[in-house]
Amino acid sequence: MITGMNARDASTLLIRDADVVVTMDDQRRELRGGSVLLRGPSIEALWPAGERPADLRADEVIDARGHAVLPGLVNTHHHMYQSLTRAVPAAQNAELFGWLRTLYPIWAGLTPEMVRVSTQLAMAELLLSGCTTSSDHLYLYPNGVRLDDSIAAAAEIGMRFHAARGSMSVGESQGGLPPDALVERETDILADTQRLIETHHDTRRHAMLRVVAAPCSPFSVSPDLMRESAALARSLGTRLHTHLAENDHDIAYSRARFGMTPAEYAESVGWLGDDVWHAHCVKLDAPGIARFAATGTGVAHCPCSNMRLASGIAPVRRLLDAGVPVGLGVDGSASNDGAHLLGEARQGLLLARVGRSLEPFGCDHGPAEMTARDMLAVATRGGARVLGRDDIGHLAPGMSADLALFDLRGLPMAGGAVHDPVAALLLCTPPAATWTIVNGRVVVREGRLTTLDEGPLIERHNRLARDLLGA
């Protein structure tokens, strides 16, 4: 229930009397009966039950009884345009390289409208799952597509956005994986990356938009582009992102092409450091893990995609134990076919337990090696660290006003929410968010988007998906 408190423009929002407020703060406090006061783009105060001032007033009030309040979830890796090619029959049963070779010719038909609409559809799905911040790695620019198309879409729907200017410069004729028609000149890539950073990148606290330099992968760009992208990003004060060590073919390519493991190659071109994060890292070896830990290099863990493409099980527990920053990613909508970030956290929890049992020397470790709260930390604080943010990922005064509320009273949570409402969010069927708040703005209200009309968006997206495949 919402009540308006006065007629002036809303500047404060009170979320009161939640069953539990999961702060994910340094003490990992869980406030039973808790309340949170938001003022503008930031959190002003939090209280456990019985401590909220009796005379407190706010411009808007959300009655959060029966709900869990979480920090907004953070998605560290995505390819949003791929929502147009979910479940394409020819790519349903392929591993990474075969999957890419099947889809590259289809993606060559992308238009600016397709990128804008698919970005909004993917972001709608994320927001409805309680995700408030997302990165997106756009590395294809046919037919006049620009990263500006994604940026405009994010601003309209209201998601906090890290826009990664991806690129491919080494086509099949030069020993790369993508078709020659889809690669760009490296001078053009660097010039456009600089333009985007100088035009859009916002370094301020609570920034809604940041830009990332993001050559696609070792098998689609040259070492020179990797080095020059790193130098450019660091000169302009932004971050670096790419794919690394995703599957066995990826490892074989790196050894054959560069004579190095992926981690060794990344270090040789300047791609280790606390301003870098790599997607997947399924096949990162022990020396690679040690170098990532020593340098503060981050990892975007994408469990559903890794399973869908049979890439393997990333060593998440070993990464975390070593001190590697790890966040969660839904990855491309054509290699996951969904973007429910709380559901991704559940999958990450379950897969980590299976993966640990399969390790040669890990059989003496039980399910407690990865708990529900561990994975929620990866999906919140971990993601914030991977993206280089100190203003999102947990709830405390001065942090960004990014929150998600989940109803604990529905059928999937029956029983579980009674015993442990926090763990039940992952151990039971993960619910959709009832409320999602980004930068103090309600973007999901009672399970519905407030910024876009969902029906027409889906209809338009499906028409474009048919157009892309010539159906």
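Just above sits the structure.
Read on for a plain summary of the structure. (Residues numbered from 1 in each chain as written. Predicted model: local features only at pLDDT ≥ 70, side-chain atom pairs only at ≥ 80, totals over all residues. Heavy atoms only, no water.)

Some thoughts on the overall build of the protein chain
- Helix and strand counts for the protein chain stand at 15 helices and 20 strands.
- Relative to a compact globule of 471 residues, whose C-alpha radius of gyration would be 23 Å, the protein chain shows 22 Å and is just as compact.
- A total of 471 residues make up the protein chain; the buried ones form 61% of that total.
- Contacts spanning at least 24 positions in sequence make up 75% of the contacts within the protein chain whose residues lie at least 6 apart.
- Taking the average location of the 44 positive side-chain charges in the protein chain and that of its 55 negative ones, the two points are 3 Å from each other. (Helix = DSSP H or I, 4+ residues; strand = E, 2+ residues; numbered from the N terminus. Rg over C-alpha atoms; globule rule 2.2 N^0.38 Å. Buried < 20%, exposed > 50% of the residue type's maximum accessible area, 1.4 Å probe, protein only. Contact = heavy atoms within 4.5 Å. Lys, Arg positive; Asp, Glu negative; His and termini not counted. Charge placed at Lys NZ, Arg CZ, Asp CG, Glu CD.)

As for helix 6 (residues 248–258)
- Every buried residue of helix 6 is listed here: Asp250, Ile251, Tyr253, Ser254 and Phe258. Across the axial projection of helix 6, the buried residues extend over an arc of 160°, all falling on one side. Of the exposed residues in helix 6, those oriented more than 90 degrees away from the buried face are Asp248 and Ala256.
- Two residues or fewer after helix 6 comes Gly259, characterised by a positive phi angle close to 70°. (Arc of directions from axis to C-beta.)

Let's talk about helix 3 (residues 147–157)
- By the criterion of burial, helix 3 is predominantly enclosed, with eight of the eleven residues buried.
- The set of residues buried in helix 3 consists of Leu147, Asp148, Asp149, Ser150, Ile151, Ala153, Ala154 and Ile157.
- On the buried face of helix 3, the contacting elements are helix 2 (112–127), strand 10 (131–138), strand 11 (160–167), helix 4 (186–200), strand 12 (209–215) and strand 19 (441–445).
- Positive phi shows up at Gly158, right after helix 3, with a value of about 95°.

Some points on the packing of helix 2 against helix 15 (residues 454–469)
- The geometry of helix 2 relative to helix 15 is characterised by a closest axis approach of 10 Å and an angle of 130° between their N-to-C directions. Put simply, helix 2 runs oblique to helix 15. In the crossing of helix 2 with helix 15, the sense of the turn from one axis to the other is left-handed. Contacts between helix 2 and helix 15 involve Glu113, Met114, Val117, Ser118, Gln120, Leu121 and Ala124 on the former and, on the latter, Leu457, Ile458, Arg460, His461, Arg463, Leu464, Asp467 and Leu468.
- Taken together, the residues of the contact of helix 2 with helix 15 break down into eight nonpolar, three polar and four charged. (Axes fitted to C-alpha atoms, helices over the stretch in contact; angles between N-to-C directions. Parallel < 35°, antiparallel > 145°, perpendicular 65-115°, else oblique. Left-handed = near helix turned anticlockwise from the far one by under 90°. Nonpolar A, V, L, I, M, F, W, Y, C, P; charged D, E, K, R; others polar.)

Some points on unusual backbone geometry
- Despite not being glycine, Asn143 has its phi angle at roughly 55°, a positive value.
- Its location among the elements puts Asn143 in the loop between strand 10 and helix 3.
- Of note in the backbone geometry, Ala310 takes a positive phi value of approximately 55° without being a glycine.
- Tracing the sequence through the fold places Ala310 in the loop between helix 9 (303–308) and helix 10 (316–322).
- On the basis of relative accessible area, Ala310 is assigned to the exposed category, the value being 67%.

Observations regarding the pattern of salt bridges
- Summed over the entire model, instances satisfying the criterion amount to 33 salt bridges.
- Salt-bridge contacts for Asp148 lead to Arg146; the nearest nitrogen and oxygen are separated by 3.5 Å.
- Relative accessible area serves as the criterion here: at 42%, Arg146 is assigned to the partly exposed category.
- Salt bridges sharing common partners tie together Arg146, Asp148, Arg165, Glu184, Asp192 and Arg195. (Salt bridge = Lys/Arg side-chain N within 4 Å of Asp/Glu carboxyl O.)

Here's the deal with the sheet that holds strand 17 (residues 403–407)
- The seven strands lie next to each other as 4-3-8-17-18-19-20, forming an open sheet whose pairing is mixed. The sheet is open, and its two borders are formed by strand 4 (30–32) and strand 20 (448–449), each paired with just one other strand.
- Note that strand 8 (residues 67–71) and strand 17 share five bridges and pair antiparallel. The residue bridging Val69 from the neighbouring strand is Leu405, located in strand 17. (Pairing = 2+ DSSP bridges.)

Brief notes about the side chain of Thr297
- Here Thr297 is to be found in the loop between helix 8 (286–295) and strand 15 (298–301).
- A distance of 2.7 Å separates a polar atom in the side chain of Thr297 from a polar atom in the side chain of Thr295.
- Residues in contact with Thr297, not counting those within four places in the same chain, are Trp271, Leu272, Gly273, Val276, His278, Phe292, Val324 and Pro325. (Polar contact = N/O pair within 3.5 Å; in protein donor to acceptor, adjacent residues only side chain to side chain.)

Considerations on the nonpolar core
- Ranked by size, the top nonpolar core spans 124 residues in total, and within it Trp99, Leu100, Trp107, Leu110, Phe292, Leu425 and Leu426 carry the most contacts.
- Counting residues per element, this core draws most heavily on helix 2, which supplies nine residues.
- Leaving out residues up to four positions away in the same chain, Leu426 has contacts with Leu342, Ala345, Arg346, Leu349, Ala372, Met375 and Leu376.
- Core analysis: the next-biggest nonpolar cluster, separate from the first, contains 21 residues, Ala18, Ile43, Ala64 and Leu403 among them. (Core = buried A, V, L, I, M, F, W, Y, C linked by side-chain atoms within 4.5 Å.)

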